[in-house]
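Spelled out from the first residue to the last, the chains are:
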Amino acid sequence: MSTQYLLIKANKSVLSPSSQEAPVQVLVNKQTGRIEQVGASVTCSEVQVEELVLADDQVLMPGIVDAHVHLNEPGRTEWEGFETGTKAAAAGGITTVIDMPLNAIPPTTTPENLDIKLAAAKGQLHVDVGFWGGVVPDNSKQLKALMERGVRGFKCFLIESGVDEFPCVNEAEVRAAMDEMIGSDKVLLFHAEMDCGTCGAGHKEEKEEKKELDPRTYDAFLQSRPQKLETDAIDMVIRLTREYMEKGTPVKTHIVHLSAADALPAIRAAKKDNVPMTVETCFHYLNFASENIQDGATHFKCCPPIREDDNRAQLWAALLDGTIDYVVSDHSPCTADLKKLDAGDFMGAWGGIASVQFGLHILWTAGRARGVTLQKIAHWLAKVPAERTQLAHRKGEIRVGNDADFVIWRPESTWTVDVKDIHFKNKLSPYIGTTFHGVVDRTVVRGQTVFERATDNLFAAEPLGQPLLQ
């Protein structure tokens, strides 16, 4: 007979970014999936209570919300899928992912396409999954219906996306989308690179030199995606967001996967003026530096690119001072052949880094030397992304009434990434062989264990995740 209640007893917990590490007891109603009591001790009159007592080196924290994941189903399930992608998320302490509108076929640009995606997801989700809609040319009149159906917001590209079914939009098309979003709580996300036609091009001699760059070198790729692509795009986003705010018709906007530190002064100025814009960066931009990427190592390619060590330091400073709001994986895998590792061709390879399973470990390992606390981890990986995706009423903190979403992990333990431990579909990742601090022992979604390291099967026998449309 299954028990209705779960009582977790932890000597160490961080319930939210504002809470100190302390012992705690948490009572969960497994039928509703919600937290009923939180305190130094709790009372439960029910006889049937499952107790989970954590070891002294384990810490109880809110489940992670990764707001930028490409699950690619249906249509490109050879790249990733709902089952494998959400299993990898669960193994990384993630309890909620928000699926991008591409690279699935069809993309999530109409209510009918959302229905197709939901049908594909049925019975496959190991964690809870929300959905971003997409803005493409000529679909602005679909946006209200998608909002009513429960998408968390919309993503658009200001430069070609790399897949034909999701073309980029121009300023007029962005305005059309923003007009449809006035008065809503949804957010418009921007892949903020914009080809201005002259970016990266200088004197004739410089152009000729660039043509001669070896496509096997990372420098060739880096020069093809200069910071100006990002700064020009972000300047436009700020201008439009400010304009709509000053007209009294504000629309929330968001910059995905910020790579260019040159954009930080403009972002800081906009935030100082209370322009309703937020910014994310990715684990790989905080972890890697272009100087260390070897020729032909195309599994490091992503767009926008990993930049220099000094750029990385500036991104860290912006994250620590609040200019950057939170961190995501931008898990964007593909099949190994599309990475063109045999040729080592950076210019021809698919741009995307597979990492959904490793975000907590990357940020904690890299952050320890920078004074990052567990409270900061809870802020960047749980509370703020839950707020940005309109899920703060149920996700992001351990408090009464919220979903019982937890990660139970050992921050002081270490492990080394082996291919056999990777649960996403295509095992090509720049993190293989990396030793991380932080071992995830258990992931709990709405009171149900979806991943447990100590068991043979690792994952729940049946997928327990749900689509998030409320």
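Keep in mind that this is a model prediction, so the values were computed, not measured. (Residues numbered from 1 in each chain as written. Predicted model: local features only at pLDDT ≥ 70, side-chain atom pairs only at ≥ 80, totals over all residues. Heavy atoms only, no water.)

Structural notes on the side chain of Thr-231
Along the chain, the position of Thr-231 falls in helix α7 (residues 227-246). In this structure, Thr-231 is in contact with Asp-262 and Ala-263, ignoring residues within four places of it in sequence. (Helix = DSSP H or I, 4+ residues; strand = E, 2+ residues; numbered from the N terminus. Contact = heavy atoms within 4.5 Å.)

What to know about the packing of aromatic side chains
All chains considered together, the criterion is met by 15 aromatic pairs. Considering the side-chain rings of Trp-364 and Trp-409, the 5.9 Å spacing of their centres and the 80° angle between planes classify their relative orientation as edge-to-face. Separated by 45 residues along the polypeptide, Trp-364 in helix α11 (residues 359-368) and Trp-409 in strand β15 (residues 406-416) bring together distant segments of the chain. The buried category is assigned to Trp-364, whose relative accessible area is 7%. (Phe/Tyr/Trp six-rings, centres within 6.5 Å; stacked < 30°, edge-to-face > 60°. Buried < 20%, exposed > 50% of the residue type's maximum accessible area, 1.4 Å probe, protein only.)

Quick word on the sheet that holds strand β6 (residues 64-69)
On the basis of which strands lie adjacent, the open sheet formed by three strands has the order β6-β7-β8 and parallel pairing. Edge positions in the open sheet fall to β6 and β8 (128-131), since each of these has one partner strand only. Across the sheet, the axes of successive neighbouring strands diverge by a mean angle of 20°, strand direction being ignored. Direction of pairing for β6 relative to strand β7 (residues 94-99): parallel, over a ladder of four bridges. Along β7, the bridge assignment pairs Ile-64 with Ile-94. (Pairing = 2+ DSSP bridges. Axes fitted to C-alpha atoms, helices over the stretch in contact; angles between N-to-C directions.)

Regarding the confidence of the model for the chain
Of all residues in the chain, 96% attain a pLDDT of 70 or more, and the chain-wide mean is 95. Predicted confidence for residues 198-210 stays below pLDDT 50, and this span has 10 contacts to residues more than four positions away or in other chains. (pLDDT = per-residue confidence, 0-100.)

Some thoughts on helix α1 (residues 82-91)
Buried residues dominate α1, accounting for eight of its 10 residues. Residues of α1 that are buried include every one of Phe-82, Thr-84, Gly-85, Thr-86, Ala-88, Ala-89, Ala-90 and Ala-91, and no others. Here the buried face of α1 lies against β7, α2 (111-121), β8, β16 (435-445) and β17 (448-452). At the exit of α1 stands Gly-93, carrying a positive phi of roughly 85°.

So, the sheet that holds strand β12 (residues 252-255)
Picture the strands of a sheet paired through backbone hydrogen bonds; they go either parallel or antiparallel. Reading across from one edge, β9-β10-β11-β12-β13-β14 is the order of the six strands in this open sheet, with parallel pairing throughout. Each edge of the open sheet is held by one strand with a lone partner, namely β9 (133-134) and β14 (326-328). Both strand β11 (residues 187-191) and β12 contribute to a ladder of four bridges, which runs parallel. Bridge assignment links Val-187 to a residue of β12, and that residue is Lys-252.

Let's talk about the environment of Val-129
Position of Val-129 relative to the elements: it lies in strand β8. On the basis of relative accessible area, Val-129 is assigned to the buried category, the value being 0%. Along the backbone, Val-129 and Pro-467 are 338 residues apart, and their C-alpha atoms lie at a distance of 4.9 Å. With near-sequence residues (within four places) excluded, Val-129 lies in contact with Leu-71, Thr-86, Val-97, Asp-99, Gln-466, Pro-467 and Leu-468.

Structural notes on unusual backbone geometry
For residues other than glycine, phi is negative in most cases, and the peptide bonds are mostly trans. A cis amide bond, omega 25°, links Leu-102 with the succeeding residue Asn-103. Residue placement: Asn-103 occurs in the loop between β7 and α2. Following Ile-105, the chain continues to Pro-106 via a peptide bond in cis, the omega torsion being 5°. Along the polypeptide, Pro-106 turns up in the loop between β7 and α2.

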